[in-house]
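# Observations on the model geometry
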Amino acid sequence: MIRRIFDDEHEMFRDSVRSFMQKEIRPHSDRWQEQGIVDREAFLKAGEQGLLLMWADEQYGGAGVSDFRYEQILIEENAHFGDAGFFMTLHSRLVGPYIGELATEEQKQRWLPKCISGEHVLAVAITEPGAGSDVAGIRTHAADKGDHYLLNGSKTYISNGINADLVVVVARTNQEKRHGLSLFVVERGMDGFERGRNLKKMGLKSQDTAELFFNNVKVPKENLLGEFDRGFYHLMHFLAEERLLGAVGYLANAEAALNVTMDYVQERKAFGQTVADFQNTRFKLADMRTGIDVTQAFVDQCVLEHNAGTLSADDAAKAKLYTSELEGRVTDECVQLHGGAGFMDEYPVCRMYLNARVSRIYAGSSEVMREIIARSMGLDPRKNKPRSANQ
Ligand SMILES: Cc1cc2nc3c(=O)[nH]c(=O)nc-3n(C[C@H](O)[C@H](O)[C@H](O)COP(=O)(O)OP(=O)(O)OC[C@H]3O[C@@H](n4cnc5c(N)ncnc54)[C@H](O)[C@@H]3O)c2cc1C
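Fair warning: this is a prediction, and the values are worked out from it, not measured in the lab.

### Overview of the packing of helix H4 (residues 68–81) against helix H8 (residues 279–307)
- Between H4 and H8, the least distance of the axes is 9 Å, while the angle of their chain directions is 140°. On the basis of their axis angle, the class for H4 and H8 is oblique. Note on element contacts: H8 touches H4 through Gln296, Asp300, Val303, Leu304, His306 and Asn307, opposite Phe68, Arg69, Gln72 and Glu76.
- Looking at the contact of H4 with H8 residue by residue, the classes come out as 3 nonpolar, 4 polar and 3 charged.

Structure, rendered in structure tokens:
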């Protein structure tokens, strides 16, 4: 189906992003996979092309382009021609807006230019060993010491965790209130800020997902982001966009898996015909094509709603839920249609399948998405109880 949401400028942008991905990202993919981390130069290269934090004002070095469709194109082209572990979007559109929307003018001037150039890589640290879906369990805490905050605790599963220069850390600042959290920007090199392991994972192997430790880190007062004790509400504010970012990516991953499978089954021979000649194969591919096209229409509509400022939390949750589940089904079917080759790392579909598994878990699990959607239908058994941020 022809997608009607893009105009000529978007398509020109898509062409240039595609050649960037083919030239600067994909050739390094195998090496990054082996080393467990993307080269920092990838961010610098993206910065040179003006692809980072495109929404930021020109005075900081940005392009002043907040139209989400440009980010959508970046995500799609990275899925098809880049590297799944290159979390440029997490940097630009998931963490960057925390600074863009919550920072003071002085903070923006201090941080944004280097994030836009790619000299500084961003991460957000919410999850802890004892707190994932339910952020009310966060134990990392910051005490007000007059001229600074004293930060103690640890985080885990943090994307860009090794490469990050600036980490937005969520910490408890009020023990009385369940949601008494604040956001702090912790900078590379601050005393007491240590990186733990670059965690070994099932998929997304080129992505540096790490543990972070904060031992008596003196965070200057100037590094509080947003309002003190209002961190929970700040987190909530960004959730719809985060889920939409995920949805765009998961759907593009499904499409990429379908594309490589289409090529494979038309080449591979069995019983004197191509695998594509089996009715089973054609029906499976037809089902996948249908699922992707129908879902794309919903996601594209969500993108337009988001641009108009009208994307609801439950519609974003539906997009996140449905695309991640679809990606899981599609990549599984695609491995099956590859036969033994689908189990081999040298075939792209193998990595796509492994990468897809986390889409149903992070950025709010499928179960949490279903909770949100059910509540939007008036099905809320905890009507008078407060909600936690990842919900
Ligand atoms: C590769 C990767 C990258 C990540 N990157 C980041 C990052 O950059 N920053 C960051 O802060 N975090 C990050 N995370 C953490 C991620 O957001 C959490 O793993 C996720 O929110 C789930 O939390 P959890 O792992 O503690 O699982 P749990 O919350 O312990 O969930 C366990 C199970 O219980 C279910 N469950 C939980 N609550 C409910 C409920 N209310 N109703 C029904 N079922 C429920 C879940 O769906 C799941 O099936 C990352 C995780 C991974 C794997």
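Once you've had a look at it, read on.
### Topic: the nonpolar core
- Of all hydrophobic cores here, the largest spans 85 residues; its most connected members are Phe13, Leu53, Phe86, Tyr98, Val168, Leu183 and Leu225.
- Top contributing element to this core by residue count: helix H7 (residues 231–267), with 14 residues.
- Look past the residues within four positions of tyrosine 98 in its chain and what remains in contact with it is Ala103, Val168, Leu183, Leu225, Leu235, Phe238 and Glu242.
- The next biggest cluster of nonpolar side chains, apart from the first, holds 19 residues, and it includes Ala171, Phe184, Phe193 and Leu212.

### So, the UniProt feature "domain: Acyl-CoA oxidase/dehydrogenase middle" (unreviewed entry) in the protein
- In the numbering adopted here, UniProt assigns the feature "domain: Acyl-CoA oxidase/dehydrogenase middle" (unreviewed entry) to residues 123–217.
- With 0% helix and 51% strand, residues 123–217 has its two end C-alpha atoms placed 17 Å apart.

### Overview of the domain arrangement of the protein
- Segmentation of the protein into domains returns domain 1 (8–119), domain 2 (123–229) and domain 3 (233–376).
- Across the contact, 25 residues belong to domain 1 and 24 residues belong to domain 2.
- Interface of domain 1 and domain 2: buried area, both sides summed, is about 2,000 Å²; carbon and sulfur atoms make up 59% of it.
- Scanning the region where domain 1 abuts domain 2 turns up 2 salt bridges.
- Of the charged contacts, one joins arginine 40 and aspartate 165 as a salt bridge, the two residues approaching to 2.8 Å between their closest N and O atoms.
- The interface formed by domain 1 and domain 2 holds 12 residue pairs in polar contact (both at pLDDT 80 or more) in total.
- Only helix H2 (29–35), helix H3 (40–48), helix H5 (88–102) and helix H6 (105–117) provide two or more residues apiece to the side of domain 1 that touches domain 2.

### Points about the site of the ligand
- Around the ligand, the structure places 19 residues, and the nearest of them are Thr127, Ser133, Ser159, Ser365 and Glu367.
- Side-chain polar atom of threonine 127 to a nitrogen atom of the ligand: 2.6 Å apart, as the coordinates give it.
- Interatomic distance of 2.6 Å between a side-chain N/O atom of glutamate 367 and an oxygen atom of the ligand.
- Burial of the ligand by the surrounding chains reaches 66%, relative to a free accessible area of 970 Å².
- Going through the elements one at a time, strand E1 (122–125), strand E3 (148–159) and helix H11 (366–376) are the ones with two or more residues in the shell around the ligand.
- Ranked by residues supplied to the shell around the ligand, first place goes to E3 with 3 residues.
- A per-class count over the shell around the ligand returns 9 nonpolar, 8 polar and 2 charged.
- Built from parts of two domains, the shell around the ligand gets at least three residues from each of domain 2 (123–229) and domain 3 (233–376).

### Considerations on the side chain of glutamate 24
- Here glutamate 24 shows up in helix H1 (residues 8–25).
- Judged by relative accessible area, glutamate 24 falls into the buried class, the value being 17%.

### Re the packing of H4 against H7
- H7 packs onto H4 with a crossing angle of 35° between their chain directions and a minimal axis gap of 8 Å. In the packing of H4 onto H7, the handedness of the crossing is right-handed. Taken together, the residues of H7 that come into contact with H4 (itself represented by Phe68, Glu71, Gln72, Ile75, Glu76, Ala79 and His80) are Glu241, Leu244, Leu245, Val248, Gly249, Ala252, Asn253, Glu255, Ala256 and Asn259.
- Here the residues of the contact of H4 with H7 are counted per class, giving 8 nonpolar, 5 polar and 4 charged.

### Description of the UniProt feature "domain: Acyl-CoA dehydrogenase/oxidase N-terminal" (unreviewed entry) in the protein
- The UniProt record annotates "domain: Acyl-CoA dehydrogenase/oxidase N-terminal" (unreviewed entry) at residues 8–119.
- As annotated, residues 8–119 has a helix share of 68% and a strand share of 0%, and its two end C-alpha atoms lie 31 Å apart.

### Regarding the pairing of strand E7 (residues 209–220)
- Relative to E7, E3 runs antiparallel, the two sharing 9 bridges. By the bridge assignment, tyrosine 149 is partnered in E7 with valine 219.
- With 4 bridges connecting them, strand E6 (residues 193–198) and E7 associate as antiparallel partners. Within E7, the position partnered with phenylalanine 193 by the bridge is phenylalanine 214.

Rules used in this analysis
- Residues numbered from 1 in each chain as written.
- Predicted model: local features only at pLDDT ≥ 70, side-chain atom pairs only at ≥ 80, totals over all residues.
- Heavy atoms only, no water.
- Axes fitted to C-alpha atoms, helices over the stretch in contact; angles between N-to-C directions.
- Helix = DSSP H or I, 4+ residues; strand = E, 2+ residues; numbered from the N terminus.
- Parallel < 35°, antiparallel > 145°, perpendicular 65-115°, else oblique.
- Contact = heavy atoms within 4.5 Å.
- Nonpolar A, V, L, I, M, F, W, Y, C, P; charged D, E, K, R; others polar.
- Core = buried A, V, L, I, M, F, W, Y, C linked by side-chain atoms within 4.5 Å.
- Buried < 20%, exposed > 50% of the residue type's maximum accessible area, 1.4 Å probe, protein only.
- UniProt positions renumbered as here; feature names shortened; annotations may be inferred.
- Domains from an automatic or database assignment.
- Buried area = accessible area lost by both parts, 1.4 Å probe.
- Salt bridge = Lys/Arg side-chain N within 4 Å of Asp/Glu carboxyl O.
- Polar contact = N/O pair within 3.5 Å; in protein donor to acceptor, adjacent residues only side chain to side chain.
- Near = heavy atom within 4 Å.
- Areas by Shrake-Rupley, 256 points an atom, 1.4 Å probe, with all protein chains shown as cover.
- Left-handed = near helix turned anticlockwise from the far one by under 90°.
- Pairing = 2+ DSSP bridges.

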